Amino acid sequence: MQDRRDFLKLSGLGAISMLACGDEAARGEERRTNLSGAGSPVAFPPGKKIDFHSHAILPSYVRGLKELGIDAAEEGFPMPKWTLEAHLEFMTAANVDYSILSLPTPHIYRGDAKLAARIAREINEETAELCRANPDKFGFVAALPMPDVKSSLEEIRYSIEELGALGVKVASNSDGVYLGDPSMDEIFAELDRRRALVVLHPSPARSLPRGSVVTGRVMALFEYPTDTTRAVLNLLANGTLERYPNIRMVVPHTGSFLPYMKQRAKGMFELLSTLKMMEPVDLETGFGKLYFDLAGDPMPEEMNMLLDVADKGRIVYGSDYPYVLAPILLKKKGALDRELTARNWMKQVYVENAAALLPNPF
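Remember, predicted model here, so these are calculated numbers, not experimental data.

**With respect to the overall build of the protein chain**
Scanning the protein chain from terminus to terminus reveals 15 helices and 12 strands. Long-range contacts, defined here as pairs at least 24 residues apart, represent 79% of the contacts in the protein chain between residues at least 6 apart. Of the roughly 15,600 Å² that the protein chain leaves accessible, carbon and sulfur atoms contribute 54%.

**A few points about a nonpolar patch on the surface**
A cluster of nonpolar residues, Val214, Leu221, Phe222 and Phe257, forms a patch on the protein surface that exposes about 330 Å² of accessible area. Relative to the helices and strands, phenylalanine 222 is located in the loop between helix 8 (214-217) and helix 9 (223-237). A relative accessible area of 35% means that phenylalanine 222 is categorised as partly exposed.

**Some points on the side chain of serine 102**
Note that serine 102 resides in the loop between strand 4 (98-101) and helix 5 (113-133). The contact partners of serine 102, leaving out residues within four places of it in the chain, are Ser54, His55, Val141, Lys169 and Val199.

**As for the packing of helix 13 (residues 298-307) against helix 14 (residues 326-343)**
The contact between helix 13 and helix 14 brings their axes to 10 Å, and the two run at 50°. Considering the angle they form, helix 13 stands oblique to helix 14. Residues Pro298, Met299, Met303, Asn304 and Leu307 of helix 13 pack against Ala335, Leu336, Glu339, Leu340 and Arg343 of helix 14.

**Comments concerning helix 14**
Its 18 residues give helix 14 an end-to-end C-alpha distance of 25 Å, which sits within 8% of 26 Å, the value for a rise of 1.5 Å per residue. Those residues of helix 14 that sit buried are Leu329, Leu330, Lys333, Gly334, Leu336, Asp337 and Leu340. Taken together, the buried residues of helix 14 touch strand 2 (42-44), helix 4 (84-94), helix 13 and helix 15 (346-357).

**Comments concerning the packing of helix 4 against helix 14**
Here helix 4 crosses helix 14 at 20°, and the two axes come no closer than 10 Å. In terms of axis orientation, helix 4 runs roughly parallel to helix 14. Considering only the axes of helix 4 and helix 14, their crossing is right-handed. When helix 4 is examined against helix 14, the residues Phe90, Ala93 and Ala94 are found in contact with a partner set consisting of Ala326, Leu329, Leu330 and Lys333. When the residues that make up the contact of helix 4 with helix 14 are grouped by side-chain class, the tally is six nonpolar, no polar and one charged.

**Thoughts on the side chain of lysine 169**
Among the structural elements, lysine 169 can be located in strand 6 (residues 167-171). Of the side chains with opposite charge, glutamate 75 lies nearest to the buried lysine 169, which makes no salt bridge, at 9.2 Å. Ignoring any residue separated from it by four or fewer positions in sequence, one finds lysine 169 in contact with Ser102, Leu103, Pro104, His107, Val141, Ala142, Leu144, Val199 and His201.

The rules behind each value
Residues numbered from 1 in each chain as written. Predicted model: local features only at pLDDT ≥ 70, side-chain atom pairs only at ≥ 80, totals over all residues. Heavy atoms only, no water. Helix = DSSP H or I, 4+ residues; strand = E, 2+ residues; numbered from the N terminus. Contact = heavy atoms within 4.5 Å. Areas by Shrake-Rupley, 256 points an atom, 1.4 Å probe, with all protein chains shown as cover. Patch = residues over 30% accessible without salt bridge, like charges linked within 9 Å, V, L, I, M, F, W, Y side chains within 5 Å. Salt bridge = Lys/Arg side-chain N within 4 Å of Asp/Glu carboxyl O. Buried < 20%, exposed > 50% of the residue type's maximum accessible area, 1.4 Å probe, protein only. Axes fitted to C-alpha atoms, helices over the stretch in contact; angles between N-to-C directions. Parallel < 35°, antiparallel > 145°, perpendicular 65-115°, else oblique. Expected span 1.5 Å × (residues − 1). Left-handed = near helix turned anticlockwise from the far one by under 90°. Nonpolar A, V, L, I, M, F, W, Y, C, P; charged D, E, K, R; others polar. Lys, Arg positive; Asp, Glu negative; His and termini not counted.

Next comes the structure, spelled out in structure tokens:
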């Protein structure tokens with residue numbers, strides 16, 4: 001077993017150690033390309049360029065949803081088809097060197113902790129196998145059977161120590177239990193102890209206005225950023241990020257609605273603490289601990305809104321492949337990269353910020 005762990009560290013986390021430093025050929029000459037077919041070409045910096053928000057739709061996940069009785073289409077968006085070849089083609093076209101895979105939505109917990117734990121284990125083992133076969137292209141953050149504490153703690157240990165996971169993915173809510181709920185403190189304490197990379201992903205609230213309300217029919221339009229925002233505000237309000245400061249959490253979709261909510265939350269938290277309805281919260285410190293990926297539609301407005309509440313050193317690239325068609329993603333990325341080039345931020349966002357987020361060997 002020790003030999004197996006050593007091999008996994010070499011092929012998984014060991015591969016990551018090469019990401020912060022580009023190979024000498026890449027340092028010699030920058031690649032130039034025009035991703036969208038419009039506008040000025042962009043120059044890609046030396047070093048490995050990393051996508052922090054991408055998904056692999058593997059048989060274990062599709063099978064697990066069927067066992068759970070979950071139809072992915074209930075969230076208003078069909079589950080996309082995924083192949084390794086297509087993902088690698090997208091990465092080449094997008095000048096992405098390395099993708100960190102995470103479990104998408106729907107989340108895999110619907111009240112049966114034992115079933116969720118088995119499905120999480122099957123997904124993590126299959127994803128680890130994919131990453132071992134392509135160690136220079138893929139890493140992953142592990143799926144957890146949250147909110148069940150015991151099985152989640154075991155999956156953290158197994159996935160990181162045995163499978164070489166780079167960290168974990170957490171859903172904004174797990175069958176109605178939100179991040180920041182005190183029942184999850186033991187999980188967050190373990191992630192803090194490991195200084196873990198934690199990738200947050202939205203999961204729609206259990207009860208939504210459906211029918212003729214478009215936001216309740218197509219979750220990606222409104223409910224995904226809403227639930228992400230709800231979860232982060234709960235983490236902040238309950239002091240979770242203050243108690244567990246070593247966690248490196250990535251918030252998706254250009255901060256979701258947090259750029260708007262920060263000022264409002266600051267005022268409301270002060271009012272509520274004055275009324276003794278909650279403990280005082282250091283909102284600035286809490287926000288300052290977060291990282292943000294640029295999946296979604298960062299240009300032309302969302303990135304500027306994010307930068308009103310986040311430092312440029314806390315943003316990383318995210319594609320959301322394959323949930324957005326590759327040609328559309330390339331067009332979005334072309335606009336983003338031209339803006340990053342104009343600001344001289346390409347290396348910071350794609351290489352330096354990303355390398356700072358990657359975990360050290362445990």
